[in-house]
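Single-letter residue listing:
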Amino acid sequence: MADEELEALRQQRLAELQAKHGDPSADPSQQEAKQREAEIRNTILAQVLDQAARARLSNLALVKPDKAKAVENYLIQMARFGQLPGKVSEQGLIEILEKVSQQTEKKTTVKFNRRKVLDSDEEDDY
């Protein structure tokens, strides 16, 4: 009887860990929904961007996935509201990248804290 209880506890704990860490095998319907959403995003981006712009965006996604996601969201939003007259060229994508970079730019400052040393050069003991 203790073995059955132990196995039940193990199964329960495994289910909790899978739900906590987002294991794709835990819920196939969620995985299917994410896949459909990714396909929809890709079709919208294929309609909105030309080949050179898509290549640049995919290269950006390899290096900075969060920035690429922000640009994709921006493009999809513009396409949904009809603000894009035609396909976005590579130069247009570069301008959009600059806009997104300015909005998400982090300001960094460096402050030097110099310590005073009680060492005098006048009393050199050589």
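Below is a summary of the structure that appears in this document.

Cut-offs and rules
- Residues numbered from 1 in each chain as written.
- Predicted model: local features only at pLDDT ≥ 70, side-chain atom pairs only at ≥ 80, totals over all residues.
- Heavy atoms only, no water.
- Salt bridge = Lys/Arg side-chain N within 4 Å of Asp/Glu carboxyl O.
- Helix = DSSP H or I, 4+ residues; strand = E, 2+ residues; numbered from the N terminus.
- Buried < 20%, exposed > 50% of the residue type's maximum accessible area, 1.4 Å probe, protein only.
- Phe/Tyr/Trp six-rings, centres within 6.5 Å; stacked < 30°, edge-to-face > 60°.
- Lys NZ or Arg CZ within 6 Å of the ring centre and 35° of its normal.
- Axes fitted to C-alpha atoms, helices over the stretch in contact; angles between N-to-C directions.
- Parallel < 35°, antiparallel > 145°, perpendicular 65-115°, else oblique.
- Contact = heavy atoms within 4.5 Å.
- Nonpolar A, V, L, I, M, F, W, Y, C, P; charged D, E, K, R; others polar.

**Description of the pattern of salt bridges**
No. 1: Tallied over the full model, the rule gives 3 salt bridges.
No. 2: Measuring nitrogen to oxygen at the nearest pair gives 2.8 Å for the salt bridge that ties arginine 56 to glutamate 90. With arginine 56 in helix α3 (residues 51-63) and glutamate 90 in helix α5 (residues 90-104), the pair connects residues that are 34 residues apart, well separated along the chain.
No. 3: On the accessibility criterion, glutamate 90 (28% relative accessible area) is partly exposed.

**What about the packing of aromatic side chains?**
No. 1: Counted according to the given criterion, the structure contains 0 aromatic pairs.
No. 2: The lysine or arginine in question, arginine 114, covers the ring of phenylalanine 112, its NZ or CZ lying 5.8 Å from the ring centre.

**Points about the packing of helix α2 (residues 28-48) against helix α4 (residues 65-80)**
The relative placement of two packed helices comes down to the angle between their axes together with the axis-to-axis distance.
No. 1: Closest axis-to-axis distance for the α2/α4 pair is 10 Å, and the angle between their directions is 70°. Taken together, the axis directions place α2 and α4 in an arrangement best described as roughly perpendicular. Counted together, Arg41, Ile44, Leu45 and Val48 of α2 and Lys69, Glu72, Asn73, Leu75, Ile76, Ala79 and Arg80 of α4 form the full contact between these two elements.
No. 2: Across the contact of α2 with α4, the residue classes break down as 6 nonpolar, 1 polar and 4 charged.

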